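# Commentary on secondary and tertiary structure
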Amino acid sequence: MPEAPERTGALRGKVAFITGAARGQGRSHAVRLAEEGADIIAVDVCDSVETVDYPPATANDLAQTAELVTQAGGRIVTATVDVRDFGALSAAVARGVDELGRLDIVCANAGILTMGMSHELSEEQWRTIVDINLTGAWHTSKVATPYLIRQGEGGSIIFTSSTMGLKGGPFASAYATTKHGIVGLAKSLAMELAQFRIRSNVLHPTTVRSPMIDNPITLKSFRPDLDAPTSDDATPILRMLNLINEPWIESSAVSEAVVYLSSKAGESITGISLPIDLGAAAK
């Protein structure tokens with residue numbers, strides 16, 4: 001049997017840990033990093049969340065991510081994990097590092113969206129989004145940081161925030177609060193971990209065309225006058241959020257920033273908030 005060809009790419013020999021990897025941005029990051037030579041530890045809850053109405057990711061979605069990473073030439077270790085469960089998350093990363101040999105890149109990407117007037121949100125809705133979006137991001141960094149420190153070769157931690165993490169947003173106070181909180185976490189880690197050459201940065205996408213947004217339940221927040229709005233119905237509203245006349249970006253646009261911040265090209269960058277937003281933050 002011929003030997004497998006040596007892999008190439010800006011991230012050859014690196015291992016990335018990605019949460020929320022079953023679909024959307026997480027899947028896109030996993031595949032794009034694999035194309036650049038990285039191996040992947042991919043986790044997702046793959047189940048419904050108690051306060052979320054839009055369709056959840058599934059085990060089949062995570063399996064498809066694994067297949068796409070393999071097709072891109074990468075090795076992958078997957079686990080069905082809720083980022084609120086620190087013990088399960090720790091076990092998943094330990095197994096991934098054991099199988100893949102190291103850890104270099106961390107993408108704290110898992111998140112949910114709850115829409116509604118702030119005073120009308122239930123306490124359960126508030127707690128759930130804070131526990132997943134913010135505490136889950138902290139769990140992700142907490143699990144990974146000891147591996148990066150012990151390895152002694154630096155590393156890159158990348159948090160997914162939002163343009164709402166820069167300027168807030170109506171009918172999304174809980175979401176915006178968690179995304180602002182992620183900025184504080186990431187910038188604090190940049191200060192703490194610089195001594196180990198571990199970098200910590202934040203991405204702020206505008207609306208991303210992903211299953212979390214592109215579904216009738218979420219889109220109804222933009223078009224409450226319609227029973228089951230489509231992406232076309234919401235396009236005029238979404239365009240108004242951005243300077244560049246587009247309604248949203250694709251997950252691949254965010255993945256390119258992940259590659260940049262994970263590679264040698266971004267090795268001097270830490271503690272930044274990087275909008276990928278069609279100019280939304282400047283509006």
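Residues numbered from 1 in each chain as written. Predicted model: local features only at pLDDT ≥ 70, side-chain atom pairs only at ≥ 80, totals over all residues. Heavy atoms only, no water.

## As for the side chain of Thr-140
By secondary structure assignment, the location of Thr-140 is in helix 4 (residues 123-151). Its relative accessible area of 0% is what places Thr-140 among the buried residues. Beyond its immediate sequence surroundings of up to four residues, Thr-140 is in contact with Phe-17, Thr-19, Val-83, Leu-89, Val-106 and Ala-108. (Helix = DSSP H or I, 4+ residues; strand = E, 2+ residues; numbered from the N terminus. Buried < 20%, exposed > 50% of the residue type's maximum accessible area, 1.4 Å probe, protein only. Contact = heavy atoms within 4.5 Å.)

## Examining the pattern of salt bridges
Working definition: two side chains of opposite charge can pair if their charged atoms are close together. Throughout the structure, instances matching the rule amount to 14 salt bridges. The partner of Arg-75 in a salt bridge is Asp-39, with the nearest N and O atoms 2.9 Å apart. Note that Arg-75 is positioned in the loop between helix 2 (59-71) and strand 3 (76-80) and Asp-39 in strand 2 (residues 39-44), a separation of 36 residues in sequence. We classify Asp-39 as buried; its relative accessible area is 8%. With a closest N to O distance of 2.6 Å, Arg-223 and Asp-225 form a salt bridge. The partly exposed category is assigned to Arg-223, whose relative accessible area is 21%. The exposed category is assigned to Asp-225, whose relative accessible area is 53%. (Salt bridge = Lys/Arg side-chain N within 4 Å of Asp/Glu carboxyl O.)

## As for the sheet that holds strand 2
Ordered in space as 3-2-1-4-5-6-7, the seven strands form an open sheet in which the pairing is parallel. In this open sheet, the two edge strands, each paired with only one partner strand, are strand 3 and strand 7 (273-276). Each adjacent strand pair in this sheet contributes to an overall mean axis angle of 15°, direction not counted. Bridging between strand 6 (residues 198-205) and strand 7 involves four bridges; their strand directions are parallel. Across the sheet, residue Pro-205 finds its bridge partner in strand 7, namely Ile-276. Packed onto the sheet, helix 1 (residues 24-35) meets strand 1 (15-19), strand 2, strand 4 (105-108), strand 5 (155-160) and strand 6 and runs at close to 170° relative to strand 1. (Pairing = 2+ DSSP bridges. Axes fitted to C-alpha atoms, helices over the stretch in contact; angles between N-to-C directions.)

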